[in-house]
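Understanding the architecture of this molecule
If you want the building blocks of each chain, they are given just below.
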Amino acid sequence: YASREPNRAAVILEALQGAGMSVTVAQKAKEVHGLLAHRGCDLLLVGQKLVDEDGVEFVKGLRTKGPAKQMPIIAIVEHADQPAVSASPSKHAYALFGRGGPAPAAPAAGTTVSKDRASVRLAFFQAGADECLSLNWDTAECLARIKAVLRRTQSSAPEELIKMGDIELNL
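Let us look at the structure shown here. Predicted model, so just to flag it, every value in this text is computed and none were measured.

Moving on: the packing of helix α1 (residues 10-18) against helix α5 (residues 139-153). Two elements in contact, α1 and α5, have axes whose closest approach is 10 Å; the angle formed by their N-to-C orientations is 55°. Judged on the interaxial angle alone, α5 and α1 are oblique. In this structure, α1 crosses over α5, and the sense of that crossing is right-handed. Between α1 and α5, the contacting residues are Val11, Ile12, Ala15 and Leu16 on the first element and Thr139, Cys142, Leu143 and Ile146 on the second. A per-class count over the contact of α1 with α5 returns seven nonpolar, one polar and no charged.

Shown next as structure tokens:
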């Protein structure tokens, strides 16, 4: 979890921990590259602006090389309009956030989704993000969307059987 303002995403991180996930916090994109080189991770949360790299560029880089090529990645944007209506044991997630500057102004009454906010989400999807969430959305919905990404992206391991004569052990 990398951030100049870690409290902004603390609610989502606490919800992940409450759901039985282990969360590792990193200060910079460079640190996450080091963590990924030494141990695995089930999910990566990435913010718009990291301390040392743009979030979209970081996702593009992960999708083009290395062990994180197939890892589920969820982008977290500062603010976005609410989306249209549309627990696994001990997972491990890395979360990256940085300060993206002041939050964009709320849209005027009667206007549609801000082009800037939509384009940030679109840029993350085009870079390879599996989902895009906002810090101003309901925490329960964010957690449900995170779990949905994990269900879609994780392969189930085949049952492993050990046979010794008439005895079978299903691991």
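Both strand β6 (residues 161-164) and strand β7 (residues 167-170) contribute to a ladder of four bridges, which runs antiparallel. Within the sheet, the bridge partner assigned to Leu161 lies in β7 and is Asn170.

Turning to its location among the elements, Glu131 is positioned in strand β5 (residues 131-134). Those residues in contact with Glu131 that sit more than four places away from it in its chain are Ile73, Ile74, Ala75, Phe125, Arg145 and Val149.

Take the pattern of salt bridges next. Tallied over the entire structure, the rule returns six salt bridges. Between Asp54 and Lys49 there is a salt bridge, and its shortest N-O distance comes to 3.7 Å. Where Glu131 meets Arg145, a salt bridge forms, and the shortest distance between an N and an O atom there is 3.4 Å. Taken together, the positions of Glu131 in strand β5 and Arg145 in helix α5 put the pair 14 residues apart, joining distant regions of the chain. Assigned by exposure class, Glu131 and Arg145 land together as buried. Salt bridges linked by common partners bring Glu131, Glu141 and Arg145 together as one network.

Before going further, it helps to examine the side chain of Arg63. Residue position: Arg63 is located in helix α3 (residues 55-64). At 2.6 Å, the side chain of Arg63 and the backbone oxygen of Met71 are in polar contact.

About the criteria used
Residues numbered from 1 in each chain as written. Predicted model: local features only at pLDDT ≥ 70, side-chain atom pairs only at ≥ 80, totals over all residues. Heavy atoms only, no water. Axes fitted to C-alpha atoms, helices over the stretch in contact; angles between N-to-C directions. Helix = DSSP H or I, 4+ residues; strand = E, 2+ residues; numbered from the N terminus. Parallel < 35°, antiparallel > 145°, perpendicular 65-115°, else oblique. Left-handed = near helix turned anticlockwise from the far one by under 90°. Contact = heavy atoms within 4.5 Å. Nonpolar A, V, L, I, M, F, W, Y, C, P; charged D, E, K, R; others polar. Pairing = 2+ DSSP bridges. Salt bridge = Lys/Arg side-chain N within 4 Å of Asp/Glu carboxyl O. Buried < 20%, exposed > 50% of the residue type's maximum accessible area, 1.4 Å probe, protein only. Polar contact = N/O pair within 3.5 Å; in protein donor to acceptor, adjacent residues only side chain to side chain.

Purely geometric numbers; function is a separate question.
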